[in-house]
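# A look at the structure
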Amino acid sequence: MIFFEPQETRIYLYAGGDESETMVNHVTKLRKRLLKRESLEGKMKVHLSINEQGKHNESYWGDEFPKAIEWLFFNDKKE
């Protein structure tokens, strides 16, 4: 059996309100479930960004990408 100490993990979630009727609700639930993992308490940071007008296409992803990179790699603020 292998045991390990979880490393700090950052996850950036992005959803568009115009992707489907359930997208925002599902991604919000996913974030809550990820943060509930006791084994990762204090080790996992999850950022959720929602664009209510967002659609499932490259234009919207391209607009969000710089924000994701900033948060994932250059942001040391507490959530």
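Residues numbered from 1 in each chain as written. Predicted model: local features only at pLDDT ≥ 70, side-chain atom pairs only at ≥ 80, totals over all residues. Heavy atoms only, no water.

## As for the overall build of the protein chain
- Scanning the protein chain from terminus to terminus reveals two helices and two strands.
- Starting at the N terminus, the α and β elements of the protein chain follow one another as β-α-β-α.
- Total accessible area on the protein chain stands at roughly 6,400 Å², and carbon and sulfur atoms take up 53% of it. (Helix = DSSP H or I, 4+ residues; strand = E, 2+ residues; numbered from the N terminus. Areas by Shrake-Rupley, 256 points an atom, 1.4 Å probe, with all protein chains shown as cover.)

## Some words on the pattern of salt bridges
- Counted according to the given criterion, the structure contains four salt bridges.
- Here Asp 18 makes a salt bridge to Lys 55, at a shortest N to O gap of 2.7 Å. Residue Asp 18 is located in the loop between β1 (9-16) and α1 (23-36), and its partner Lys 55 is located in the loop between β2 (44-51) and α2 (58-74); the two are separated by 37 residues in the primary sequence.
- Here Asp 18 falls in the partly exposed class, since its relative accessible area comes to 42%.
- With a closest N to O distance of 3.7 Å, Glu 64 and Lys 67 form a salt bridge. Of this pair, Glu 64 and Lys 67 both sit in helix α2, separated by three residues, roughly a single helical turn.
- Residue classification places Glu 64 among the buried residues on the basis of a relative accessible area of 7%. (Salt bridge = Lys/Arg side-chain N within 4 Å of Asp/Glu carboxyl O. Buried < 20%, exposed > 50% of the residue type's maximum accessible area, 1.4 Å probe, protein only.)

## A short note on a positive patch on the surface
- Residues Lys 29, Lys 32, Arg 33 and Lys 36 make up a contiguous surface patch of positive charge.
- Within the secondary structure, Arg 33 sits in helix α1.
- Since its relative accessible area comes to 62%, Arg 33 is described here as exposed. (Patch = residues over 30% accessible without salt bridge, like charges linked within 9 Å, V, L, I, M, F, W, Y side chains within 5 Å. Lys, Arg positive; Asp, Glu negative; His and termini not counted. Charge placed at Lys NZ, Arg CZ, Asp CG, Glu CD.)

## Examining the nonpolar core
- Membership of the largest hydrophobic core is limited to six residues, which are Leu 13, Ala 15, Val 27, Leu 34, Met 44 and Val 46.
- Among the elements of the structure, β1, α1 and β2 are those that each provide at least two residues to this core.
- Setting aside residues no more than four positions away along its own chain, Leu 13 makes contact with Val 27, Leu 30, Arg 31, Val 46, His 47, Leu 48 and Ser 49. (Core = buried A, V, L, I, M, F, W, Y, C linked by side-chain atoms within 4.5 Å. Contact = heavy atoms within 4.5 Å.)

## A look at the pairing of β1
- The element β1 is extensively covered by neighbouring structure, given that six of its eight residues are classed as buried.
- With eight bridges joining them, β1 and β2 adopt parallel strand pairing. Bridge pairing links Ala 15 to Ile 50 in β2. (Pairing = 2+ DSSP bridges.)

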